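Summary of the model geometry
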Amino acid sequence: MPVVSLKEIVDRAFRERYGVAAINVVNDLTMDAVLSAAVEQRSPVIIQTSVKTVRTVGLDLLFAMWREMTAGIEVPVCLHLDHCPDRVLLSDCLRKGWNSVLFDGSRMPVSENLRQTVDVVAEARSYGAHVEGEIEAITGVEDDIGSDEEAQRESLPVALDFIRKTGIDVFAPAIGNAHGVYRAEPQLDAQRVSDIVAAEPIPIALHGGTGMTDAQFRDLISRGCAKVNISTALKITYMKSNLAFLRDAEQRDTWDPPSLFKDVAGAVMDMAAEHMRRFGSVGKAG
Ligand code: 13P
């Protein structure tokens, strides 16, 4: 099973009501670790890149890593550009070979967001790629995009009109979820997912996955959240496992970079595998 489209991955998950982890990677080590976890767990996975990661690693290098690491891979995987308000970068990623993009027009009036999302869908289709859309900003700043102020939720008819007129493949509604670390258990409007899916059966993207409970994941996935975004958990795991290893290295006065990489990759793999288990996608490859 080689690299496949976002649609192929999420449509099956939506039908069978399991979630696919969409994990934001930050470099080669984390991309490789998340892909290795998917192979080990026989699970599909969506590798996400933020705009910041594309800019820091460099678009060409990031894509070359992706191509090399997924050559001959035996589980369904795809490469997704997360929250991108920048149409130029979005076009560059589609041209290069990203399988899907989230056009983030959530700071625009819905009518302008809709108009531009229609264009993005047409552009993506010309590359055989797919599009996630949103009309409300997800609360929280992630990789320099977004705001800590909770956005006003649009009505159901507005959301349905956006989904129908744009022809997007995945929809990301605001349901009380937020990027980053939750200070208290989030109060989620799960009914909003059910209302959207009942009227328009489209796979839903659940943003702000880090810190949600098993019960929340189970409930939201059963209602149609087929793509579950995880970013902060990877950042924390990556930074803390580096820190722990380096503290220990200092104690032992032993400095061997490959041992550090192996240790950190193991921690990231465990984190990714744990989310695949929690979302019910283990063994779903093939
Ligand atoms: P977290 O950072 O809360 O895991 O959210 C990730 C996300 O939604 C990326 O778009």
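The notes below deal with the structure included here. (Residues numbered from 1 in each chain as written. Predicted model: local features only at pLDDT ≥ 70, side-chain atom pairs only at ≥ 80, totals over all residues. Heavy atoms only, no water.)

1. A look at helix α10 (residues 232–252)
Every α-helix winds through 3.6 residues per turn, so residues three or four apart in the chain are directed the same way. Across its 21 residues, α10 extends 30 Å between first and last C-alpha, which sits within 8% of the 30 Å expected from 1.5 Å per residue. Those residues of α10 lying buried are Thr232, Ala233, Leu234, Thr237, Tyr238, Ser241, Asn242, Phe245 and Ala249. At the exit of α10 stands Asp253, carrying a positive phi of roughly 50°. (Helix = DSSP H or I, 4+ residues; strand = E, 2+ residues; numbered from the N terminus. Expected span 1.5 Å × (residues − 1). Buried < 20%, exposed > 50% of the residue type's maximum accessible area, 1.4 Å probe, protein only.)

2. Thoughts on empty space enclosed by the protein
In this structure the tally under the stated criterion is two cavities of 30 Å³ or more. Every residue lining the largest cavity is counted, 15 residues in all, and those nearest its centre are Glu142, His179, Gly208, Asn229 and Ser231. Tallied by class, the residues present in the lining of the largest cavity amount to two nonpolar, eleven polar and two charged. Taken as a whole, the second largest cavity holds about 60 Å³ of empty space. (1 Å grid on protein atoms, 1.4 Å probe; cavity = no way out; pocket = protein on both sides within 12 Å on 5 of 7 lines; lining within 4 Å. Points joined across faces, edges and corners; volume = space filled by probe spheres on them. Nonpolar A, V, L, I, M, F, W, Y, C, P; charged D, E, K, R; others polar.)

3. What to know about the nonpolar core
In terms of nonpolar packing, the biggest core is built from 93 residues, with Val34, Val45, Ile47, Trp98 and Phe171 touching the most fellow members. Here the element with the most residues in this core is helix α11 (residues 257–279); it accounts for nine residues. Beyond its immediate chain neighbours, meaning those up to four positions away, Val34 contacts Ile23, Val25, Val45, Ile47, Leu234, Val268, Ala272 and Met276. (Core = buried A, V, L, I, M, F, W, Y, C linked by side-chain atoms within 4.5 Å. Contact = heavy atoms within 4.5 Å.)

4. Here we look at the site of the ligand
Neighbouring the ligand are 15 residues; Asp82, Glu142, Gly208, Thr210 and Thr232 lie closest to it. For the ligand, an oxygen atom lies 3.2 Å from a polar atom in the backbone of Gly180. Taking His207, its side chain carries an N or O atom lying 3.1 Å from an oxygen atom of the ligand. Relative to its unbound accessible area of 310 Å², the ligand is 100% covered by the protein chains. A majority-of-atoms criterion places the ligand in the largest cavity. Of all the secondary-structure elements, those providing two or more residues to the shell around the ligand are β3 (77–84) and β8 (225–230). In terms of residue class, the shell around the ligand is built from two nonpolar, eleven polar and two charged. (Near = heavy atom within 4 Å. Polar contact = N/O pair within 3.5 Å; in protein donor to acceptor, adjacent residues only side chain to side chain. Areas by Shrake-Rupley, 256 points an atom, 1.4 Å probe, with all protein chains shown as cover. Sits in = over half its atoms within 2 Å of the grid points.)

5. Considering unusual backbone geometry
In this structure, Arg42 takes a positive phi of about 50° despite not being glycine. Among the structural elements, Arg42 can be located in the loop between α2 (28–41) and β2 (45–49). Not every positive phi belongs to a glycine, and Asp253 is a case in point at roughly 50°. Within the element layout of this structure, Asp253 appears in the loop between α10 and α11.

6. Regarding helix α9 (residues 214–223)
Among all positions in α9, only Gln216, Phe217, Leu220 and Ile221 are buried. All buried residues of α9 fall inside an arc of 120° around its axis, so they share one side. For α9, the elements touching its buried residues are α8 (190–199), β7 (204–206), β8 and α11. Just downstream of α9, Gly224 is the residue with a positive phi angle, here 130°. (Arc of directions from axis to C-beta.)

7. Things to note about the side chain of Ser5
Looking at the secondary structure, you find Ser5 in the segment before α1 (6–16). Here the side chain of Ser5 touches Glu8 through a polar contact of 3.0 Å, landing on its backbone nitrogen. Non-local contacts of Ser5, meaning those with residues more than four positions away in its chain, are made with Cys78 and His130.

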